[in-house]
Amino acid sequence: MQKNIILAGVGGQGILSIAAVIDWAALNEGLEIRQAEVHGMSQRGGAVQSHLRIADHEIFADLIALGTADLILSVEPLEALRYLPYLAPDGHMATALEPFINMPGYPPMDELLAELRKSGRPVLVHAAEIAREAGSTRASNMVMLGAGAPFTGIAPEKLEAGIEALFGAKGREIVDINIRAFRKGLELSNT
Amino acid sequence: MIFTHSNRAPEGANQYRARMNRQLLLGAEAVAQGALDAGISGVYAYPGTPSTEITEYIQRSKAAREGGVRSSWSTNEKTAYEAALGMSYAGKRSLVCMKHVGLNVAADAFMNSAITGVNGGLVLAVADDPSMHSSQNEQDSRVYGRFAMGPVLEPASQQELYDSMLHAFELSEAMRLPVIVRITTRLSHSRAGVEQRTAVGQNPLHAEYAPERFVLMPHNARSQYRHLLDLQPTLEELSESSFLNRPVEGKGPVGVIAFGIGYNYTMEARVAHGLDCRVLKIGQYPLPRKMVNELFDACAEVLVVEEGYPVYEELFRGYFGSPKVRGRMDGALPRTGELTTDLLASALGVPLPETAAVPSMVVNRPPELCKGCGHRDMFDAINIAIGKHADHHVFSDIGCYTLGALPPYRAIHTCVDMGASITMAKGAADAGLRPAVCVIGDSTFAHSGMTGLLDAVNDRSPLTVVIADNDTTAMTGGQHSSASGSKLVRICLGLGVEEHHIRTIVPLRKNLEENIAVLGEEFAYEGVSIVIAKRDCLEKAAKEKRRTAATGK
């Protein structure tokens with residue numbers, strides 16, 4: 001078993017929390033993990049990504065090779081497209097649809113959607129809206145984790161345990177909101 | 001004890017087994033945990049991407065607190081290095097951390113510590129930034145290792161990094177030399193499961209009189225330098241038996257010598273594409289000559305894989321060029337930037353797969369100052385105040401405010417090295433430029449701005465220094481600043497700036513007119529003036545709020 005996952009977004013959008021949940025679950029499954037992330041200047045509102053690799057055998061490289069990502073999971077629609085060269089021919093894409101516009105030249109939404117739909121059958125998610133229903137828009141990253149969950153190679157209940165572990169210190173209510181958000185995202189991908 | 005093949009089995013594919021007692025660590029954190037478990041008594045550092053997380057991890061560590069491991073931030077890399085050397089002199093193990101360009105600042109101390117040697121183990125963890133993700137250049141710290149003629153370790157994985165730390169301290173004490181552990185961005189900022197070993201205790205206080213080593217007057221320095229030269233064969237011998245250096249069996253005319261994490265990409269390409277070339281993994285310098293010779297004897301062509309400068313490739317080629325050697329210098333690999341599995345596969349003759357292109361609508365998303373950041377209001381005021389001068393130049397420095405070079409502000413026109421804003425503005429003022437204005441952060445001012453300001457005061461150079469005081473080292477994630485607030489004012493006074501030319505403004509939208517006026521007045525002054533733009537970093541405030549919420553304190 002080996003999964004290559006690219007997490008994409010804008011600095012400050014919480015992709016590292018998604019990574020942390022998958023990491024936690026994978027570590028508890030006894031799997032090997034490599035997860036490269038971006039620190040430093042780009043964290044100030046720039047494009048950020050994390051290469052996450054999990055396997056049941058030794059992993060050498062921290063970075064994913066071109067054309068070998070099983071999943072691109074993005075919390076921002078334009079950022080999902082930035083990493084297309086990494087997507088494997090049979091890879092999946094799941095992205096939130098809320099644009100984060102902090103630079104000139106952001107494409108119109110209809111053109112962006114058309115481009116996203118060219119990449120096979122992407123899971124397109126109104127993550128902020130769903131997160132609000134779950135209790136907080138801040139949980140949209142967990143909606144996206146849910147939407148991408150079937151392609152991570154890790155069982156949803158293991159990922160939920162990861163959410164419990166990571167948000168546990170913040171209290172029951174925060175954990176419940178994040179679990180609800182996760183499950184709503186998961187439903188979208190499973191239907 | 002120094003780890004060799006015989007007493008620590010390297011983890012080959014056959015011996016691989018899933019291990020459950022692991023914790024997930026960034027490479028930087030593996031350095032920190034490894035150093036703690038090797039019994040350090042202190043860490044000294046100035047923040048700098050990608051090295052910051054080493055010290056932050058030690059600052060958060062309960063074990064470090066209980067063990068009394070000192071860990072607060074130093075003013076700059078030179079003070080950090082010297083303090084680490086002092087701790088070593090007193091017999092204890094010390095770790096000093098910095099980014100690659102920080103070693104330029106600490107170079108005087110570093111180079112000479114190779115001549116004095118050390119007592120307690122002294123390890124310099126230096127993080128290079130190939131591809132310049134957050135840096136001005138991609139200089140390769142292994143060059144400093146060669147320059148100082150000391151051992152350099154360059155582990156390939158997070159586990160190896162952890163294991164290397166105890167090895168580094170033992171090597172340092174056995175050879176009585178400082179040891180470099182070189183990491184690069186990808187290893188520092190990537191997580192993996194790391195298995196910990198039992199920690200060793202700290203060294204006792206044991207300062208020794210050894211003026212013949214530590215007083216570097218010429219007669220002592222000459223004999224110490226001779227001693228360093230005499231150690232070289234021993235260092236090479238140790239590399240031959242280091243667990244960080246090992247051949248990987250293979251066949252065929254093409255072999256690979258893979259340094260540091262170049263090994264990872266080589267092995268990944270080898271596995272992914274079913275290649276069976278010979279590989280020599282290098283993680284400890286000076287080079288193990290016998291191993292290198294064996295590889296070169298067995299192969300018609302050798303691909304040299306280095307994450308950084310082609311330091312050893314250039315040596316292997318020699319002045320007249322060896323036709324056997326391939327690498328960054330003949331285009332087999334790109335001359336600059338980080339390596340990847342794809343680059344390695346391509347260099348080994350595997351055609352790259354056809355992949356989707358990035359759609360043309362995907363525009364760049366550069367970093368920017370945070371919404372509501374005080375630097376934004378500061379740059380608005382500076383732009384208006386200085387805009388009256390048709391041809392104006394603003395010298396600046398390294399920090400979040402460097403983003404003021406980008407649109408919509410385009411407010412600063414230089415960023416070279418820590419502290420260069422003040423000294424470059426001074427030189428330009430000496431040349432006749434008016435107004436001579438510079439912008440520097442509080443932490444950068446403490447790091448390397450004070451001495452330059454003294455030069456300006458001594459020369460009565462007409463110069464305005466805007467100190468952007470947000471009370472933190474913000475760009476690297478909000479570390480403690482060595483000088484901010486009223487301390488800044490006292491420093492400027494102490495250095496001789498006139499009291500009524502040390503002004504403080506609060507960069508807020510509502511103060512814009514007032515701030516423009518203050519800046520205008522000081523720009524017009526024909527002497528040294530300081531304008532402190534004082535407003536706390538928003539990120540720092542948010543971080544403190546989260547901490548308070550989490551701890552209830």
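No experiment lies behind these values; they were computed from the predicted model shown.

K.L.:
How do you make sense of the packing of aromatic side chains when you look at a structure like this?
P.N.:
The geometry of an aromatic ring pair is captured by the separation of the ring centres together with the interplanar angle, meaning the angle of the planes. Residue and element names in this part refer to chain B. For the structure shown, the criterion picks out 10 aromatic pairs over all chains. Judged by centre distance (5.9 Å) and plane angle (85 degrees), the rings of Tyr-81 and Phe-110 are edge-to-face. Placement of Tyr-81 in helix H4 (residues 77-89) and of Phe-110 in helix H5 (residues 100-116) is noted, with a sequence separation of 29 residues between them. Across the pair, Phe-110 and Tyr-81 agree in class, each one buried. Centroid distance Tyr-319 to Phe-320: 5.0 Å. Interplanar angle 80 degrees. Geometry classified as edge-to-face. Note on accessibility: Tyr-319 and Phe-320 belong to one class, exposed. By the ring-pair criterion, three or more aromatic residues cluster together here, those being Tyr-81, Phe-110 and Tyr-144. Just above the ring of Tyr-263 sits the side chain of Lys-281; from NZ or CZ to the centre is 5.5 Å.

K.L.:
Hey, could you run me through the interface of chain B and chain A in this one?
P.N.:
By a frequent convention, interface size equals the accessible area lost on bringing the separate parts together. In this assembly, 54 residues from chain B lie in contact with 51 residues from chain A. Carbon and sulfur atoms supply 57% of the area that chain B and chain A bury against each other, a total of about 4,400 Å² over both sides. In this structure, Glu-268 of chain B engages Arg-53 of chain A in a salt bridge whose closest nitrogen and oxygen atoms are separated by 2.7 Å. Taken together, the connections running from chain B to chain A amount to 22 residue pairs in polar contact (both at pLDDT 80 or more).

K.L.:
Which parts of the structure should I look at to understand the pairing of strand S17 (residues 502-505) of chain B?
P.N.:
As a general feature of sheets, a regular strand has side chains that alternate between the two faces. Residue and element names in this part refer to chain B. Relative to strand S18 (residues 528-534), S17 runs parallel, the two being bridged by 4 bridges. Looking at the pairing, Ile-505 lines up with Ala-533 of S18. Assessed by its sense of winding, the connection that carries the chain from S17 through helix H19 (residues 512-524) to S18 is right-handed.

K.L.:
What exactly am I supposed to notice about the nonpolar core here?
P.N.:
One broad trend across soluble globular proteins is that nonpolar side chains are buried collectively. Residues and elements named next belong to chain B. Counting 110 residues, the largest nonpolar core has Leu-95, Ile-257 and Phe-316 as its most contacted members. Two domains each donate at least three residues to this core, and these are domain 1 (22-240) and domain 2 (247-347). Beyond its immediate stretch of four places on either side in the chain, Phe-316 contacts Ile-257, Phe-259, Leu-287, Val-292, Phe-296, Val-304, Ser-322 and Val-325. Core analysis: the second largest hydrophobic core is formed by 56 residues, Ala-381, Val-437, Ala-474 and Leu-488 among them.

K.L.:
How should I be thinking about the environment of Val-302 of chain B in this particular structure?
P.N.:
Inspection of the secondary structure puts Val-302 of chain B in strand S12 (residues 301-305). Linking Val-302 of chain B and Arg-278 of chain B, residues 24 residues apart in sequence, is a C-alpha distance of 9.4 Å.

K.L.:
Looking at this structure, I do not really get the pairing of S12 of chain B. What am I missing?
P.N.:
Residues and elements named next belong to chain B. The element S12 is largely enclosed, with a buried count of 4 among its 5 residues. Direction of pairing for strand S9 (residues 254-259) relative to S12: parallel, over a ladder of 5 bridges. By the bridge assignment for S12, Val-256 is matched with Leu-303. Strand direction decides the pairing type here: S12 and strand S13 (residues 325-326), joined by 2 bridges, are parallel. Following the sheet pairing, Leu-303 is matched in S13 by Arg-326. At this point the chain moves from S12, through helix H13 (residues 311-317), to the parallel S13, and the crossover so formed is right-handed.

K.L.:
I'm lost on the sheet that holds strand S6 (residues 123-125) of chain A in this one. Help?
P.N.:
What links the strands of a sheet is backbone hydrogen bonding, and the strands pair in either a parallel or an antiparallel sense. Taking strand neighbours across the sheet as the criterion, the 8 strands line up as S6(A)-S5(A)-S4(A)-S1(A)-S3(A)-S2(A)-S7(B)-S1(B) in an open arrangement whose pairing is mixed. Since the sheet does not close on itself, it has two edges, and those belong to S6 of chain A together with strand S1 (22-26) of chain B, each with one partner. Neighbour-to-neighbour, the strand axes of the sheet open up by a mean angle of 20 degrees, direction not taken into account.

K.L.:
Which parts of the structure should I look at to understand unusual backbone geometry?
P.N.:
Working note: non-glycine residues mostly have negative phi, and peptide bonds are mostly trans. Residues and elements named next belong to chain B. Pro-286 follows Tyr-285 through a cis peptide bond whose omega is 5 degrees. Checked against the element boundaries, Pro-286 lands in the loop between strand S11 (284-285) and helix H12 (289-298). Pro-408 follows Pro-407 through a cis peptide bond whose omega is 5 degrees. For Pro-408, the position within the fold is in the loop between strand S14 (394-395) and helix H16 (420-431). In this model, Met-132 sits at a positive phi of 50 degrees, which is unusual for a non-glycine residue. With a relative accessible area of 39%, Met-132 lands in the partly exposed category. Despite not being glycine, Met-149 has its phi angle at roughly 60 degrees, a positive value. Tracing the backbone through its elements, the reader meets Met-149 in the loop between helix H6 (142-148) and strand S5 (152-153).

K.L.:
Is there a simple way to think about the domain arrangement of chain B in this case?
P.N.:
Residue and element names in this part refer to chain B. According to the domain assignment, chain B contains domain 1 (22-240), domain 2 (247-347) and domain 3 (374-541). Centre-to-centre, using C-alpha coordinates, domain 1 lies 26 Å away from domain 2. Every contact between the two is made by 28 residues of domain 1 and, on the other side, 27 residues of domain 2. The three residues of domain 1 that bury the most area against domain 2 are Arg-142, Glu-154 and Glu-240, which together make up 25% of that side's buried surface. Linking domain 1 with domain 2 are 5 salt bridges, by the criterion used here. Summed over the shared surface of domain 1 and domain 2, the number is 20 residue pairs in polar contact (both at pLDDT 80 or more). Of all the secondary structure elements, the ones that give two or more residues to the side of domain 1 that touches domain 2 are H6, S5, helix H7 (158-175), strand S6 (179-184), helix H8 (185-188) and helix H10 (218-240). Counting residues per element, the side of domain 1 that touches domain 2 draws most heavily on H10, which supplies 6 residues. Tallied by class, the residues present in the side of domain 1 that touches domain 2 amount to 11 nonpolar, 6 polar and 11 charged.

K.L.:
I tried to follow H12 of chain B on my own but got confused; where do I start?
P.N.:
An α-helical turn contains 3.6 residues, so any two residues separated by three or four positions project in the same direction. Residues and elements named next belong to chain B. Inspection of H12 places Met-291, Val-292, Leu-295 and Phe-296 among the buried residues, and these make up the whole buried set. Relative to the axis of H12, the buried residues are bounded by an arc of 130 degrees and lie together on one face. For H12, exposure combined with an orientation more than 90 degrees from the buried face picks out Arg-289, Glu-294 and Asp-297.

K.L.:
For this particular structure, what's the right way to read the pattern of salt bridges?
P.N.:
A pair can form between side chains of opposite charge whenever their charged atoms are brought close. Residues and elements named next belong to chain B. Inspection of every chain in the model, using the stated rule, returns 49 salt bridges over all chains. Ionic pairing is found between Asp-330 and Arg-317, a salt bridge with its closest N-O pair at 3.7 Å. Of the two residues, Asp-330 is situated in the loop between S13 and helix H14 (341-347) and Arg-317 in helix H13; the sequence distance between them amounts to 13 residues. Within the structure, one salt-bridge network assembled from shared partners comprises Asp-128, Asp-140, Arg-142, Glu-154, Arg-182 and Glu-306.

K.L.:
Got a minute to help me understand the environment of Ile-15 of chain A in this structure?
P.N.:
Residues and elements named next belong to chain A. Mapped onto the elements, Ile-15 comes out in helix H1 (residues 15-28). Placed 76 residues apart in sequence, Ile-15 and Gly-91 show a C-alpha to C-alpha distance of 19 Å. The contacts of Ile-15, once residues within four sequence positions are left out, are Leu-7, Ala-8, Gly-9, Val-48, Gln-49, Ser-50 and Val-75.

K.L.:
In this structure, what is going on with the packing of H10 of chain B against H12 of chain B? I would like to understand it.
P.N.:
Angle between the axes and distance between the axes are the two parameters that describe a pair of packed helices. Residue and element names in this part refer to chain B. Following both chains from N to C, one finds H10 and H12 inclined at 60 degrees, their axes separated by 7 Å at the closest point. In terms of axis orientation, H10 runs oblique to H12. Contacts between H10 and H12 pair Glu-236, Glu-237 and Glu-240 from the former with Arg-289, Lys-290 and Met-291 from the latter. In terms of residue class, the contact of H10 with H12 is built from 1 nonpolar, no polar and 5 charged.

About the cut-offs
Residues numbered from 1 in each chain as written. Chains lettered and ligands numbered in written order. Predicted model: local features only at pLDDT ≥ 70, side-chain atom pairs only at ≥ 80, totals over all residues. Heavy atoms only, no water. Phe/Tyr/Trp six-rings, centres within 6.5 Å; stacked < 30°, edge-to-face > 60°. Helix = DSSP H or I, 4+ residues; strand = E, 2+ residues; numbered from the N terminus. Buried < 20%, exposed > 50% of the residue type's maximum accessible area, 1.4 Å probe, protein only. Lys NZ or Arg CZ within 6 Å of the ring centre and 35° of its normal. Contact = heavy atoms within 4.5 Å. Buried area = accessible area lost by both parts, 1.4 Å probe. Salt bridge = Lys/Arg side-chain N within 4 Å of Asp/Glu carboxyl O. Polar contact = N/O pair within 3.5 Å; in protein donor to acceptor, adjacent residues only side chain to side chain. Pairing = 2+ DSSP bridges. Right-handed = clockwise from strand over helix to strand, strands pointing away. Core = buried A, V, L, I, M, F, W, Y, C linked by side-chain atoms within 4.5 Å. Domains from an automatic or database assignment. Axes fitted to C-alpha atoms, helices over the stretch in contact; angles between N-to-C directions. Nonpolar A, V, L, I, M, F, W, Y, C, P; charged D, E, K, R; others polar. Arc of directions from axis to C-beta. Parallel < 35°, antiparallel > 145°, perpendicular 65-115°, else oblique.

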